[in-house]
Every structure is written in C-alpha cells, then in structure tokens.
Amino acid sequence: EGDEVAANNMNSLFYERNKDRLVSIQTAKNPPTYLRHAGFQLRNHPYQESSLFRLDSTFYMNKEEFYHGEYYTFRAINYNSLYLMTENDMKIYLKQAGDSETHREKASFVLHEISPPNPDRPPPTDDYADHTYDPAQFTKVY
C-alpha cells in the first residue's frame, strides 16, 4: 500500500490511468532476482525489502504505444516520463524517448515465450553494473 501511495503522489493522473499495467520482471535464476533501474541503467538485483527497491523494479507496461502489434514499452513507475531503452552497448537504460524513429525503436520491446534455463549454459555473472541481458534468462513479466 505504501508504494502505491508513493507512486500515486509522483504523478497521480498518470498513475490512475495506468495502474493496471504495473509489472515487475523476475529472472529465472534460483533464487530469482529482479530487473530494476539504478543510476538510470537496468540492473539485475536480488529482492530487497524496501520501498525504493520495489519502486525501482516496477514499470508501466504499455502495448502498442509506438507501434501496432506485439510491441511493448516500459516506463519507470517513479520516473514515468522515462522509458527503458536499448543502446548500442547492448545495455538497457532509463531515458527520455524523443520523437525520432530511432528513439521509438529503442524503447519498444517484443516479448517472447522462453523455455526453462539450460543447465549446460554457464550462469550469468553477478557483476550487476556490467551485466548485459539475455532474454533467455527471464521467465515472466507480472
């Protein structure tokens, strides 16, 4: 309840219109970790019992915001004017999407159903600051 109040206080009109689109992204690791923004970069972190962690790992997921079809955008709940966007270094950042086609492309994602993690595959690193994200690591968006 407290996190919802904090998010609502940040931009109540935007929150009211989009509260049914809130998601957190959990990895397939055991124990699971969550994707959160920290320092305006998407990072892979273990769950923490704090309001800041929950806000940093919660996003508004919108379908067809820029393109028709199975394209999704993700805005940070606590920076709702900023989108998750890919960059040339293959990392995902929290940035302002502009009016250009390039910005819309970088802020649009297609979700794919995946199979369980491959036990023969090396585990991802725990170096969160330099981690790039392989979609095969993620099990669900909720």
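Residues numbered from 1 in each chain as written. Predicted model: local features only at pLDDT ≥ 70, side-chain atom pairs only at ≥ 80, totals over all residues. Heavy atoms only, no water.

### What about the overall build of the protein chain?
Summing up its helical and strand segments, the protein chain has four helices and nine strands in all. Each helix and strand of the protein chain, ordered N terminal to C terminal, gives the series α-α-β-β-β-β-α-β-β-β-β-α-β. By the burial criterion, 40% of the 142 residues in the protein chain qualify as buried. For the protein chain, the accessible area works out to roughly 8,500 Å², and carbon and sulfur atoms hold 51% of it. (Helix = DSSP H or I, 4+ residues; strand = E, 2+ residues; numbered from the N terminus. Buried < 20%, exposed > 50% of the residue type's maximum accessible area, 1.4 Å probe, protein only. Areas by Shrake-Rupley, 256 points an atom, 1.4 Å probe, with all protein chains shown as cover.)

### Looking at the side chain of Asn44
Along the polypeptide, Asn44 turns up in strand E4 (residues 41–46). Within polar-contact distance, the side chain of Asn44 engages the side chain of Thr33 at 2.4 Å. (Polar contact = N/O pair within 3.5 Å; in protein donor to acceptor, adjacent residues only side chain to side chain.)

### Some words on the nonpolar core
Residues Leu42, Phe59, Phe74 and Leu84 are the most contacted members of the largest nonpolar core, which totals 14 residues. Listed by contribution, the elements that provide at least two residues to this core are strand E5 (59–63), strand E6 (72–76), strand E7 (79–86) and strand E8 (92–96). With three residues, the top contributor of residues to this core is E6. Counting residues in each nonpolar core, the second largest holds five residues, with Phe14, Tyr15, Tyr60 and Ile77 among its members. (Core = buried A, V, L, I, M, F, W, Y, C linked by side-chain atoms within 4.5 Å.)

### Considerations on the pattern of salt bridges
One pass over the full model with this rule turns up seven salt bridges. A salt bridge links Arg54 to Glu49; its shortest N-O distance comes to 3.0 Å. Note that Glu87 and Lys106 form a salt bridge whose closest N and O atoms lie 3.2 Å from each other. Linking Glu87 in the loop between E7 and E8 with Lys106 in helix H4 (residues 101–106), this pair joins segments that are 19 residues apart in sequence. A relative accessible area of 19% means that Glu87 is categorised as buried. Several salt bridges converge on common partners, so that one network encompasses Glu87, Lys95 and Lys106. (Salt bridge = Lys/Arg side-chain N within 4 Å of Asp/Glu carboxyl O.)

### Regarding the packing of aromatic side chains
By the definition in use, this model includes seven aromatic pairs. Between the aromatic rings of Tyr34 and Phe53, the centroid separation amounts to 6.2 Å while the plane-to-plane angle is 90 degrees, which identifies the pairing as edge-to-face. You can see Tyr34 sitting in strand E3 (residues 33–38) and its partner Phe53 sitting in helix H3 (residues 51–56), a full 19 residues away along the chain. As far as the burial class goes, Tyr34 and Phe53 line up, both buried. Through a chain of ring-to-ring contacts, the aromatic side chains of Tyr34, Tyr47 and Phe53 assemble into a single cluster. (Phe/Tyr/Trp six-rings, centres within 6.5 Å; stacked < 30°, edge-to-face > 60°.)

None of the figures reported here should be taken as evidence of function without further support.
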